[in-house]
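# Tertiary structure, described
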Amino acid sequence: MTEILPSILAADFARLGEEIARVERGGASMLHLDVMDGHFVPNLTIGPSIVKAIRKITKATLDVHLMITDPDRYAPVFIEAGADCVSVHQETCRHLDGTLRMIQSEGARAGVVINPATPVSTLGEVLDLADYILVMSVNPGFGGQQFLPNSLGKARALDARRREMNLNFHIEIDGGITMDNVTDAVRAGCDWLVAGTAIFHSEDPAAAVRGMQHLAREATAIRA
Ligand code: DX5
Ligand code: ZN
């Protein structure tokens, strides 16, 4: 099932509870939480205490995107705080297979993220292990950037590998997703579409989720 994941990075942090309630009213059942450490990316965001606070106010699936240099150390902490899905950057993991297995053994779904300059070929040996692959469609660190179209080719390549190998990992895309590229992303094979600015900076975030979800489901029906 195709899902739109609001990224709370673009929400008003002073009213986070209300912002989350709004997107849930729009039908969001997954939320994307960006964790940045100021080392792997030049920005700092939220830690486990915020994830824990969010866990208390929602039943939505919490998808935690770790943009940090030491995911092995912190993934269990975020799972303990309430993360359902945890993704780690391929660029930060020396023993990627071990990290994915560790996340799964701690009780969460494990995802691998690739930056715009990282090729899909680096994932060849973990495609049968990962629960999802996140293709960055901007360089990570900030919301509100412009969508990089090379990400669609990567999603297509992953979708082709998924069919060839008869696997069922989800393909997620993150960065610069708007009403204008939802259809292209789904047609390329993406199942989970993250959107921050396009949802929380719109006049009506609930309507934005509904609109994007509608486009995504229409495109999925054609793809299937
Ligand atoms: C960027 C983050 C994204 C960000 C997307 O590093 O990983 O999740 O919130 O924001 P938009 O949708 O505004 O590009
Ligand atoms: Zn993200």
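So, here's what we can say about the structure.

### Notes on the overall build of the protein chain
- Across its full length, the protein chain holds eight helices and eight strands.
- The C-alpha atoms of the protein chain give 16 Å as radius of gyration, which agrees with the globular expectation for 224 residues (17 Å, within 12%).
- Sorting the 224 residues of the protein chain into buried and exposed places 54% on the buried side.
- Excluding contacts between residues fewer than 6 apart, the proportion of contacts in the protein chain whose partners are at least 24 apart in sequence is 65%.
- If you sum the accessible surface of the protein chain, you get close to 9900 Å²; carbon and sulfur atoms cover 50% of it.
- Positive and negative side-chain charges of the protein chain, numbering 20 and 28 respectively, have mean locations separated by a distance of 3 Å.

### Considerations on the coordination of the zinc ion (ligand 2)
- Summarising the metal site, the zinc ion (ligand 2) is bound by the protein donors His32 (NE2), Asp34 (OD), His65 (ND1) and Asp174 (OD), whose distances to it range over 2.0 to 2.3 Å.
- Between the six donor atoms coordinating the zinc ion (ligand 2), the angles at the centre fall across 71 to 170°, so the site counts as octahedral.
- A relative accessible area of 7% places Asp34 in the buried class.

### Brief notes about the packing of aromatic side chains
- Tallied over the full model, the rule gives one aromatic pair.
- Measuring from centroid to centroid gives 4.9 Å for Tyr132 and Trp192, while their planes differ by 50°, and the two rings are tilted. Residue Tyr132 is located in strand E6 (residues 132-136), and its partner Trp192 is located in strand E8 (residues 192-195); the two are separated by 60 residues in the primary sequence.
- A cation over a ring is seen here: Arg162 above Phe169, with NZ or CZ 5.7 Å from the ring centre.

### Quick word on the site of ligand 1
- Neighbouring residues of ligand 1: 20 residues in total, closest Ser7, Asp34, Gly141, Asp174 and Thr197.
- Between ligand 1 and Asp34 there is a distance of 2.7 Å, counted from an oxygen atom to a side-chain nitrogen or oxygen.
- Gly196 places a main-chain nitrogen or oxygen 2.8 Å from an oxygen atom of ligand 1.
- In isolation ligand 1 offers 380 Å² of accessible surface; the protein chains occlude 99% of this area.
- If you list the elements that add at least two residues to the shell around ligand 1, you get strand E2 (30-36), strand E3 (61-67) and E8.
- Per element, the largest residue contribution to the shell around ligand 1 is three residues, and it comes from E2.

### A short note on the side chain of Thr92
- Take Thr92: it is sitting in the loop between strand E4 (85-89) and helix H4 (96-105).
- A relative accessible area of 17% places Thr92 in the buried class.
- Dropping the residues within four chain positions of it, Thr92 is found in contact with Phe40, Ile68, Thr69 and Pro71.

Reading guide: rules and limits
Residues numbered from 1 in each chain as written. Chains lettered and ligands numbered in written order. Predicted model: local features only at pLDDT ≥ 70, side-chain atom pairs only at ≥ 80, totals over all residues. Heavy atoms only, no water. Helix = DSSP H or I, 4+ residues; strand = E, 2+ residues; numbered from the N terminus. Rg over C-alpha atoms; globule rule 2.2 N^0.38 Å. Buried < 20%, exposed > 50% of the residue type's maximum accessible area, 1.4 Å probe, protein only. Contact = heavy atoms within 4.5 Å. Areas by Shrake-Rupley, 256 points an atom, 1.4 Å probe, with all protein chains shown as cover. Lys, Arg positive; Asp, Glu negative; His and termini not counted. Charge placed at Lys NZ, Arg CZ, Asp CG, Glu CD. Donors = N, O, S within 2.8 Å, 3.2 Å for Na, K, Ca; no water. Tetrahedral: all angles 85-135°; square planar, octahedral: opposite > 155°, others 65-115°. Phe/Tyr/Trp six-rings, centres within 6.5 Å; stacked < 30°, edge-to-face > 60°. Lys NZ or Arg CZ within 6 Å of the ring centre and 35° of its normal. Near = heavy atom within 4 Å. Polar contact = N/O pair within 3.5 Å; in protein donor to acceptor, adjacent residues only side chain to side chain.

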